[in-house]
Amino acid sequence: MKCKKACLVINPHAGQNVTKIAELIAVLSAAGWSTDITIKEYGGHSMELAARAAKANYDLVIGYGGDGTLNQVLNGVMNAGRRQSIVGVIPGGTTNVWAAEIGVPHDPVQAALTLINSEARKVDIGHVEVQGLSFPGTAQDAQEKPREKKGKLAHKRAVRATTKAKHHFLLMAGLGFDAALMEHVSKAFKYRVGRLAPVLSAAEELPRQHPFPIEIRVGGTKHEDEKIWKGEAFQVVVGNTRRYANIVQMTPNAYLDDGLLEVCVITAGNTLKTIEQLASLLFRRRPDNAASAYFEGASITISVPASIDLQLDGSAVRLKDYLNKADRKVLQSAGNAEDVMVTYRFDAMPRALQVAIPSTYDGALFEKPIAEEKPHVPLQEQKDAGAAQQHHSLVEEVLHESQELIAMLLAHGHRVTVKGVTTQPEKQHTYIIAGTVRHQMTGDAMPVAVRVDSSVTILRHSGEHVSPVMIQELQESALIVAVGKKSKYGVIRTTHIVM
């Protein structure tokens, strides 16, 4: 993935993520990326920062936080209107579903290394908007159209779209139990308890849930006829990907490049059976097919009571944010939100955005392989090829350096404790090593990144020359000596490495 300018949008996460910034900058700078740092200061700020970065033509906009931060970055880039920027992620939240989906390590430094060795791929994005509100009783205005609803005269009010709300999602949208849960889990509680916060809150929220009427219209399927489903439900998930809260695959047939969304409805039947269905999600089991309904389509319209909560990518959103001032006033004057039906429209936006996908990802979420994908070369073949090239270049040279030279390199080099290694695919035989060195005065561990290319001489302790390909074999906690100048960003421009 070629990149010159990157913008790191950071959710400080109670200060935890800020402590890793120096390590991340060192790694990204070693790859030759110029990285600017922005930090979220208030709600919705991440979306504003991402929009500015996209408008400023940053090659890569990185969300450093949880799935909520990633959703903010996604919406910011989409709202900017310039979709040339690639969206990447460094996980720093409590769940990090997207990172788990595509195989990004949870450790921030390892994630930064993975980001360097990623490819930009165009993916589908989900879009949601409110189409209308349906009120029982008297007409609201001249635009309303009467229809029958439970034997009462109901009137439908068209709603004008707003630009302030989050309209896009990468993972999924949810109506019902999960959105109510997200609405009541405080950020302070999430930061303090971590991944158990939703589970603990679910035990309190579950007894309050009740079934709600729902109507689903599915269009844009492989079949021409529109599908309509009516009934009662406890939970609806509209999936663009498969994982749900890193627990189960609620929408197991979803792809990121098929132009479709998949819907899972946990239907309302026997109350105890339905509660068992919801509780089963907390114990890593899929919903029982007998109590669930599945649909897929490019365009999905769902009507539910206005009292039912909505979440996008694991973050609760508010209905009022999708309404203009006049519509909010009408909804408020209606009284009981359970008597008002709101119609949401969910659309798949095909190949709408570029995202960074690790080169090591198995591609399970993609229906189509990468165009002109490079053939995979096994690691052993890479080593053999590298060793042969190294041997050829040294045929006329001495294969062992003097012990005096080794001693000098060891004395003047930086002793680096390795944290991870990655390749830079667009540059042959180029590697980035993330690690730490000890501060000469305090002894504290200082983050560094070592850039290794074909110009670097790599030696063993014995003085034997080593192929650059062998850099990939370095394990975490291994010790190397890197000789070269260290920049203010912690990047060591090496001339020699002693392994």
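Everything here concerns the structure above.
My aim in this report is to walk through the structure given alongside it, one point at a time. Residues take numbers from 1 onward in each chain, read along the sequence in its written order. Only residues with pLDDT of at least 70 are given local features in this predicted model, and only at 80 or more are side-chain atom pairs given and counted; all residues enter the totals for whole chains, interfaces and linings. Excluded from the side-chain calculation are hydrogens and water; included are all heavy atoms of the structure.

### Topic: the overall build of the protein chain
Put simply, the test is: Numbering of helices and strands starts at the N terminus; helices are DSSP runs of H or I of at least 4 residues and strands are runs of E of at least 2. The criterion used for residue contact is that any of the two residues' heavy atoms lie within 4.5 Å. Every accessible area reported is derived by Shrake-Rupley at a probe size of 1.4 Å, with residue values counting cover from the shown protein chains alone.
Secondary structure summary: the protein chain contains 12 helices and 25 strands in total. If you take every contact in the protein chain between residues at least 6 apart in sequence, the share linking residues at least 24 apart comes to 74%. Of the roughly 23700 Å² of accessible surface on the protein chain, 51% is carried by carbon and sulfur atoms.

### Observations regarding the packing of helix 1 (residues 21–30) against helix 5 (residues 108–116)
Note the following rule: For every element, the axis is a line fit to its C-alpha atoms; helices are fit only across the contacting stretch, and the angle between N-to-C directions ranges from 0 to 180 degrees. Working rule for angles: under 35 degrees goes down as roughly parallel, over 145 as roughly antiparallel, 65 to 115 as roughly perpendicular, anything else as oblique. Crossing handedness is defined as follows: a turn of the near helix away from the far one that is anticlockwise and smaller than a right angle gives a left-handed crossing, while the clockwise case is right-handed. The classification used treats Ala, Val, Leu, Ile, Met, Phe, Trp, Tyr, Cys and Pro as nonpolar, Asp, Glu, Lys and Arg as charged, and all other residues, Gly among them, as polar.
Orientation of helix 1 relative to helix 5, taken along the N-to-C sense of each, is 20 degrees, at an axis distance of 9 Å. With respect to their mutual orientation, helix 1 and helix 5 come out roughly parallel. For the pair helix 1 and helix 5, the sense of crossing is right-handed. Residue-level contacts link Glu 23, Leu 24, Val 27 and Leu 28 of helix 1 to Pro 108, Val 109, Ala 112, Leu 113 and Ile 116 of helix 5. Of the residues belonging to the contact of helix 1 with helix 5, the class tally is 8 nonpolar, no polar and 1 charged.

### Looking at a nonpolar patch on the surface
Going by this rule: A patch consists of residues whose relative accessible area exceeds 30% and which take part in no salt bridge; residues with like charges are grouped when within 9 Å of each other, and nonpolar side chains (Val, Leu, Ile, Met, Phe, Trp, Tyr) when within 5 Å. By definition here, a salt bridge exists when the distance from a side-chain nitrogen of Lys or Arg to a carboxyl oxygen of Asp or Glu is within 4 Å. Remark: exposure states derive from per-residue accessible area (1.4 Å probe, protein chains only) relative to the maximum for the residue type, with buried under 20%, exposed over 50%, and partly exposed in between.
A cluster of nonpolar side chains, Val 18, Ile 37 and Ile 39, forms an exposed patch at the surface whose accessible area comes to about 200 Å². Looking at where Ile 39 falls in the secondary structure, it is placed in strand 2 (residues 34–39). On the accessibility criterion, Ile 39 (33% relative accessible area) is partly exposed.

### A short note on the environment of Pro 12
Along the chain, Pro 12 falls in the loop between strand 1 (5–10) and helix 1. For the pair Pro 12 and Gly 92, spaced 80 residues apart in the sequence, the C-alpha separation amounts to 8.7 Å. Excluding residues within four positions of it along the chain, Pro 12 makes contact with Asn 17, Val 18, Ile 39 and Lys 40.

### Concerning the pattern of salt bridges
By the definition in use, this model includes 9 salt bridges. Between Arg 217 and Glu 215 there is a salt bridge; the shortest N-O distance is 3.1 Å. A single salt-bridge network, built from bridges that share partners, covers Lys 20, Glu 23 and Lys 419.

### Focus on the nonpolar core
The cut-off we apply is this: The definition of a nonpolar core used throughout is a set of buried Ala, Val, Leu, Ile, Met, Phe, Trp, Tyr and Cys residues joined through side-chain atoms within 4.5 Å.
One finds Val 27, Trp 33, Leu 60 and Trp 98 to be the most contacted residues of the largest nonpolar core, which totals 71 residues. Sort the elements by how many residues they give to this core and helix 1 lands first, with 7 residues. Apart from residues lying up to four places away in sequence, Leu 60 is in contact with Met 1, Cys 3, Lys 5, Ala 6, Cys 7, Trp 33, Ile 86, Val 87, Gly 88 and Leu 115. Val 130, Ala 165, Phe 212 and Leu 323 belong to the second largest nonpolar core, which has 39 residues in total.

### Observations regarding a positive patch on the surface
Applicable threshold: Only four residue types enter the tally: Lys and Arg on the positive side, Asp and Glu on the negative side, with His and both chain ends excluded. Every charge is mapped to an atom, namely NZ of Lys, CZ of Arg, CG of Asp or CD of Glu.
Positive charge collects at one region of the surface, where Lys 164, Lys 320, Lys 325, Arg 328 and Lys 329 lie side by side. You can see Lys 325 is positioned in helix 10 (residues 325–333). Here Lys 325 falls in the exposed class, since its relative accessible area comes to 69%.

### Notes on helix 5
To be explicit about the condition: For this analysis, a polar contact is any N or O atom pair within 3.5 Å, provided that within protein one partner can donate a hydrogen and the other can accept it, and provided that sequence-adjacent residues contribute only side-chain to side-chain pairs.
In terms of residue burial, helix 5 counts as a mostly covered element, since 8 of its 9 residues are buried. For helix 5, the complete set of buried residues consists of Pro 108, Val 109, Ala 111, Ala 112, Leu 113, Thr 114, Leu 115 and Ile 116. Of the residues that open helix 5, the one with a side-chain oxygen 3.2 Å from the backbone nitrogen of Val 109 is Asp 107.

### Observations regarding the environment of Gly 88
Within the fold, Gly 88 resides in strand 4 (residues 86–91). As for Gly 88 and Ile 357, which are separated by 269 residues in sequence, their C-alpha atoms are 8.0 Å apart. Discounting chain neighbours no more than four positions away, the residues touching Gly 88 are Leu 60, Val 61, Ile 62, Gly 63, Leu 70, Leu 115 and Ala 356.

### A short note on unusual backbone geometry
With a phi angle near 60 degrees, Asn 96 is a residue other than glycine that sits in the positive phi range. With respect to the helices, strands and loops of the structure, Asn 96 is situated in the loop between strand 4 and helix 4 (97–102). Phi is positive for Ser 477, which is not a glycine, with a value near 80 degrees. Its location among the elements puts Ser 477 in the loop between strand 23 (457–459) and strand 24 (479–486).

These values are about where atoms sit, not about what they do.
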